[in-house]
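Chain by chain, the residues run as shown.
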Amino acid sequence: MSNNLRFKTSKFIDETYRVSFKFNNKTYFGFKGDTLASALLANGIHLVGRSFKYHRPRGIMTSGSEEPNAIIQLHDNSSRTEPNVRATEVEIYEGLVASSQNCWPSVNFDIGGINNLLSPILPAGFYYKTFMWPASFWEKYEYFIRKSAGLGKSPKEADPDIYEHKYIHCDVLVIGAGISGIMAAKMAAKNGFKTLLVDEKSYLGGSSIYDNSEFSKINNQITSSWLEKEINEISKLENLEIKTRTSVAAFHGYNFLLARENLTDHLPINQRENKVRQRLLKIRAKKVITATGSIERPLIFDNNDRPGIMLSSAVKRYIDLYGVACGENNILFTNNDTAYETAMSLIQRGIKINAIIDNREQIDSKISYEVEKNNIKIYKGYTVVDTYGYRRINKISIMKLSKDGQTVIGDKTKLNCDCLGVSGGWTPAVHLFTQSGGKLKFREEDQVFIPNVYPSDQISIGSCNGDFGLEEIIKNTLSSIKKFLDIDNSEYKTVETISGLNQSKRNIWLLPSDKSIGKTKSFVDYQNDATAKDIKLALREGFRSIEHVKRYTTTGMGTDQGKLGNMHALGIISETAGTKMGEHGTTTFRPPYTPLTFGTIVGRNVGEFFDIFRRTPIHDWHVANNAEFENVGQWKRAWYYPKDNENMHQAVQRESKAARDSAGILDASTLGKIDIQGTDASEFLNRVYTNAWSKLAIGKCRYGLMLNEDGMVYDDGVTTRLGENHYIMTTTTGGAANVLGKLEDYLQTEWPELDVYLSSVTDHFATISVCGPNSKKIVSKVIPDLDLSDEKFPHMSFKNSKIDNIKCRIMRISFTGEHSYEINIQANFGKSVWEKCMEAGKDFNITPYGTETMHLLRAEKGFIIVGQDTDATLTPIDLQMDWIVSKKKYDFIGKRSLYRSDTIREDRKQLVGLLTENPEEVLEEGAQIVADIKKSPIEMLGHVTSSYYSPNLKKSIALGVVKGGKNMLGQKLIIPMENKNINVTVADPVFLDKEGERLNAKL
Amino acid sequence: MFLINCPFCGEREQSEFKAGGEAHIVRPKQPTELSDDEWAEYLFMRKNIKGVQFERWNHVHGCRKWFNMVRDTSNDQIKAVYKMGEKPPVK
Ligand SMILES: [Zn+2]
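In this report, we go over the structure that sits alongside the text. Computed from a predicted model, the values in this text were never measured in an experiment. (Residues numbered from 1 in each chain as written. Chains lettered and ligands numbered in written order. Predicted model: local features only at pLDDT ≥ 70, side-chain atom pairs only at ≥ 80, totals over all residues. Heavy atoms only, no water.)

All names here are of chain A. Pairing geometry for strand S1 (residues 14–23) and strand S2 (residues 26–32), over seven bridges, is antiparallel. Bridging across to S2, Asp 14 finds its partner in Lys 32. Between the antiparallel neighbours S1 and S2 lie two residues, among them Asn 24 with a positive phi of about 50°. Across three bridges, S1 lies against strand S7 (residues 96–100) in parallel orientation. Directly across from Phe 23, in S7, lies its bridge partner Ala 98. (Pairing = 2+ DSSP bridges. Helix = DSSP H or I, 4+ residues; strand = E, 2+ residues; numbered from the N terminus.)

Here you go:
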C-alpha cells in the first residue's frame, strides 16, 4: 500500500537521504525533510493516538502547530524523553524514537476505548459531578483513571541538553515568513530598519512556497516561483536577520516577546553533543509586524474525528510539500473555495478524488470549474451526516441541506473514501495579537474575528488580519506597511495578481444531522473530547460566559488551546443562546502559543546557577573545617561545625558551652552594614529608630529598633558613631537590602531637606565576633597595641585600630551576653584575621560556632531575632521592649501607631519565655500554645517562636508569643502535640544572667 | 514587561524597577496630633483604581532614585514620569 503514497516530485524532500525511525516499536523509513507526520502518512499510518476522555482512535489532522491529535512521546525511556510533542512539528532524523501516548496497552487495542461506549454517561462536567460524591468511590476509580488518562511521561533523569537565553533588540520584528511577512521584512530592511524575521517552520514562504497552481499568479509568475526569488533577495539583506524553526511563544506589553529557537531537534542525537538545543529569545522590538497567517477550520458533524479525516489544507501540504498522498480514495468536504486548490494538487498527480461535498448551492469560480472539468462529482448544497470505519475512515454518508442550512432533507447517500479533507474556511491566527492586549472585532460577512485596537506599536498583516485573497493580501500588505513604517514603497512598484478563487463561503457552525443531537458525536475540541452536545448541555444548565462553558466542557483547555475548534464553540453558543458572536466574550489565548520545555524556560540557570548565593570572605575556611551551611537570604552561612561524627544537636551543645566557658568565634560578615554620613545624620537616626541618638558620644555604640509606620518591628541592630557626622549602622542579614531601601525612600521623598548620605558597605568588611570569658586575652594577642581595659574600652564602645598595618574597626558589643569583640576589617583580609584569632585562641579552646549556636546563646539571654520571634504583627511593647521606645522624642517612624486603639489592647500577643515541666523536653518551634484543651474549639493563644536545649542552664528553654502573655508570668499553659500534651510555665524571657554579671565581669 | 523612562537614566526594563504604591500621600508633619481615624487615613487608605493612577516607582537596580509615574492600570500605558516634588504633568 505504501508504495503508491509517495510522489517523487517535491523539492523539499531529499530522496537520496533515507532516514529510519521507530514508531510504537516498529521501524519505518522516511526521507530527510519529512516531519514525523508526513513520514507516517507515507507509510499509510493515520492512527497515531487516542483521545483524552473517550479513547477514540485518532489520526493526524493537520500539518502544523495547531495539531490536536497526533501528540506523541519523543525519545522513549531516556533522559531526553519529552511528552506532548506534535508529530506534525517533529522533523525526522536517523534514529528517532516515538510512541503514541494516550493509550494503554496499545494504540490499536486500548482499554480506555470502553469510555466511548460509556459516553452517554460521560457528559460535560462528568468529572465534577461524579467524583464529588461519595468520596470513598474516588479511591476506586483513581487507579484506573490515572492509568488510562495518559498525558505522557516526564523524564526521570536530568536533561543532558544545553539551553540558553538571548536578548535581541530590533527596530522591526516580523513574525511569520509567508508572502506578507517576506514583503514586510524586505520593505523594512531596505528602508534602514534593523529587522528580525522569524518563522516556526524550517523553511521560509509559508503555504505559498508550495503553491504551484496556475490559478494564482503574481506578476504573471507562479506564486512559488515569485516567492522564491523574493526569499533569495531578502536572504542577502544586511539589515535583516532571519531565524527559522523559531516560534514566538508570548507577546507581552511594550513589544516584549519571547520566542523559542530550535537549534538541534532536527539533528541525529550523535550530532547534538555540546550544542545548544533550544534558545529562548527575549525580544524587545520597536515595532512588531504580525504575519502569522490563518488556521483552517474543521467542520462540525457527527463522527468528524476518525483517523483519515484531516484538514483539506493539510492534505494539500502533504502532497505539495512532502510528496505524500494521505489517501488513495479521497473526498473533500468544504464550505468554501480553498478545498478546490487541494483538489487540483491531487488531480495533477493523478490521485483519486471520489467526490467533493460542498455546503454551498452556488459555486462560481474558475478553479471549481476546472475541477468539475476533471470529472469530479461535486455535491452542491450537501453535507456529511456521518462517517464510518473504526481505525480509519472508510465511508461517509451525505444528505442535502435545507435552504436555511438548519436541517437535512432527502435521501442519504453513502460514499467510500479512505481520506476526508475538510475545510470550514479560515480563522485568522490572532493568538499573539490578543496576548499583547489587542482587542478584536467580529466581521459578519465571513464570520471571523480580526484585530481592531492595537495596544502597542504593532500591526497585523495578511490572513491573520483577515485578508484571504491573494490580491487583497498583497495590496493591503503594501499599503499597511508603507503607512506603519512611514516609508515610500520603492520595492514593489506594481504587483499584479491573478487568483482563480473567490471568497464566497457558507458558514454553518454545527452542521445538521438526521439524528437528534443527543445521539451525535460532533467534536469541537478533539484533544479534550468536547462535543457540540456538551456545549449545548452546558448552556442548558445555565452557563453563559464562554470562560465558564470552556471550563465546564474543557473546550480549548488542551495543550493546543483549542486552535481548531474555539471558533465553533463560540458559534454554537451564540446560535443556541440567540446572541451575537463575541457577546459572551472570546476566550483568552495565553502564552505560550505552543508549549515550551522547562529547559528553555530556565536556560543556563541550572545546577549551581539555579539560585546563586553569596559567600563571606571566610567561607573557604568554614568549608575546610567541616561546616554545615544554612541559607540566610542569598547567603551561605556556617550553621555548625560537626566534629567526629557529631550530629547537629551534639555540635551545637559543644559550641554553646565552649562560648560561655572559654571562647567562641563567629563569622558575622553577613550582617548588613550601612555607612551614614552628613550634618543631619544624628537627626536622621532619631527619626528612624525608636530610641534617642542625639546624645550618643563619638566612639560609642547603641542598639536600635526600627519600626514600620504601622508600629510593627521591622529591623534591629547596633549603630556606632564613628565621628561627628559619621555613623555605621548594622542591620539583620536578611533585612540589609530592604532597610537601605527604606532609609533611601524616606530621605528622598519625605525628608529631602536632611543632609544625609547612605552607602551599603556590607560586602566591604569582614566581621569576626570573638566572645566568652577569654575573648579579651585572645584579642589582646591579635592586637597587642590596643588598650582593652574596661576604662579605655568599655562595653558598647568602638576603637579604630590596626592589624599588621591594616586598618580595622573594633566594637565591644555582644549578642551573646558574654564579654565580646567584633573585628571589622577590609573583606580580603577577613580570612587571615580569622586564622590569626584561631591561632591566638588555641590555648583557650577557641571554638568556631555557627548560626545555630548563635541563636541558642542569644535565646538564653532573651534577645529577639527579627523575623523569627517577630512577624510584622508585633510592636516593641508586645516584645516587652518598652525601654527602647523614647517617650521624649516628638516623632519617629511608627510612633503614632504605638497608641492606636488596636496596638494598645492588653490582649495582644506578647513575647514571653516558656519553660517545660520536664526540663529535658524541647518544644517544637511553631507549635501552638493553649490554656484549655477541653474547650471546643480550642482557643489558640499563640505559638512557640524559638526553642532550644540550653547546655549552660541544663534545661529546655523557649520563647513564644501569647495573648496577654505579659501578665501571665508563672501561669501554666499547654502545648498540644500530635500524641501528647506538653505542660509549660510562662517565664521571664531572659533565662540567663539577667543582671549582666558575665558581660561586666572583670577579666 | 514595560519599559520605564527613568527621569535620571532614561528608558530601562521594568525588571530594574520596584513599584512603591500610590503617589502624593504626604507623611503628616505632626502625627501625634492626629486622631486614630486621621492617622489610619494616611496609613492604610489607598485608591487602587482601574484607570489612570499616580504611583511611586524606584529605580532600584539602577540609580536608586524614587520618582513618580502616571500609569493607566487597565492597559499599563505610562502617561508620564516626573521627579519627586514635581507637579504631575498630566491630570
Ligand atoms: Zn534611574
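If you look at the interface, chain B gives 27 residues, while chain A gives 30 residues. Counting each side, the surface lost to burial between chain B and chain A is near 2400 Å², with a carbon and sulfur contribution of 44%. Taken as a group, Met1(B), Arg27(B) and Arg64(B) account for 28% of the area that chain B buries against chain A, more than any other trio of residues on that side. Close ionic contact of Arg27(B) with Asp891(A) constitutes a salt bridge, the shortest N to O distance being 2.8 Å. At the surface where chain B touches chain A, the tally comes to 21 residue pairs in polar contact (both at pLDDT 80 or more). Listed by contribution, the elements that provide at least two residues to the side of chain B that touches chain A are helix H1 (36–44) and strand S6 (77–83) of chain B. It is H1(B) that provides the largest number of residues to the side of chain B that touches chain A, a total of five residues. (Contact = heavy atoms within 4.5 Å. Buried area = accessible area lost by both parts, 1.4 Å probe. Salt bridge = Lys/Arg side-chain N within 4 Å of Asp/Glu carboxyl O. Polar contact = N/O pair within 3.5 Å; in protein donor to acceptor, adjacent residues only side chain to side chain.)

All names here are of chain A. Of note, Pro 642 is situated in the loop between strand S33 (635–640) and helix H17 (648–661). A relative accessible area of 11% means that Pro 642 is categorised as buried. Through-space distance from the C-alpha of Pro 642 to that of Ala 87 is 55 Å; in sequence the pair is 555 residues apart. Every residue in contact with Pro 642, bar those within four places of it in the chain, is listed here: Asn 626, Glu 628, Ala 651 and Arg 654. (Buried < 20%, exposed > 50% of the residue type's maximum accessible area, 1.4 Å probe, protein only.)

Residues and elements named next belong to chain A. Ordered in space as S17-S24-S18-S19-S20, the five strands form an open sheet in which the pairing is parallel. Of all the strands in the sheet, just strand S17 (309–311) and strand S20 (378–380) have a single pairing partner and so form its edges. Strand-to-strand twist in this sheet, taken as the mean axis angle between neighbours without regard to direction, amounts to 20°. Relative to strand S24 (residues 419–423), strand S18 (residues 330–334) runs parallel, the two sharing five bridges. Bridge pairing in S24 places Thr 334 opposite Ser 423. (Axes fitted to C-alpha atoms, helices over the stretch in contact; angles between N-to-C directions.)

All names here are of chain A. Tallied over the full model, the rule gives five cavities of 30 Å³ or more. The space that makes up the largest cavity amounts to roughly 190 Å³. Lining the largest cavity are 16 residues, and of these Thr 427, Val 430, Asn 566, Met 567 and Phe 589 lie nearest its centre. Looking at the lining of the largest cavity, the elements with two or more residues in it are strand S25 (426–428), helix H10 (431–435) and helix H14 (566–577). Counting residues per element, the lining of the largest cavity draws most heavily on H14, which supplies three residues. Each residue belonging to the lining of the largest cavity can be placed in one class, and the counts come to eight nonpolar, seven polar and one charged. Each of two domains, domain 2 (162–294 + 428–499) and domain 3 (305–425 + 506–577), supplies a minimum of three residues to the lining of the largest cavity. By volume, the second largest cavity amounts to about 110 Å³. In terms of lining, the second largest cavity is formed by 13 residues, of which the most central are Ile 728, Thr 730, Met 811, Glu 822 and Asn 824. Tallied by class, the residues present in the lining of the second largest cavity amount to six nonpolar, four polar and three charged. (1 Å grid on protein atoms, 1.4 Å probe; cavity = no way out; pocket = protein on both sides within 12 Å on 5 of 7 lines; lining within 4 Å. Points joined across faces, edges and corners; volume = space filled by probe spheres on them. Nonpolar A, V, L, I, M, F, W, Y, C, P; charged D, E, K, R; others polar. Domains from an automatic or database assignment.)

The next point concerns helix H6 (residues 223–234) of chain A. In this model H6(A) runs 17 Å from its N-terminal to its C-terminal C-alpha over 12 residues, within 8% of the 16 Å that 1.5 Å per residue would give. Buried residues along H6(A) sit against helix H5 (179–190), strand S9 (195–198), strand S10 (216–218), strand S11 (221–222), strand S12 (240–243) and helix H11 (470–485) of chain A. (Expected span 1.5 Å × (residues − 1).)

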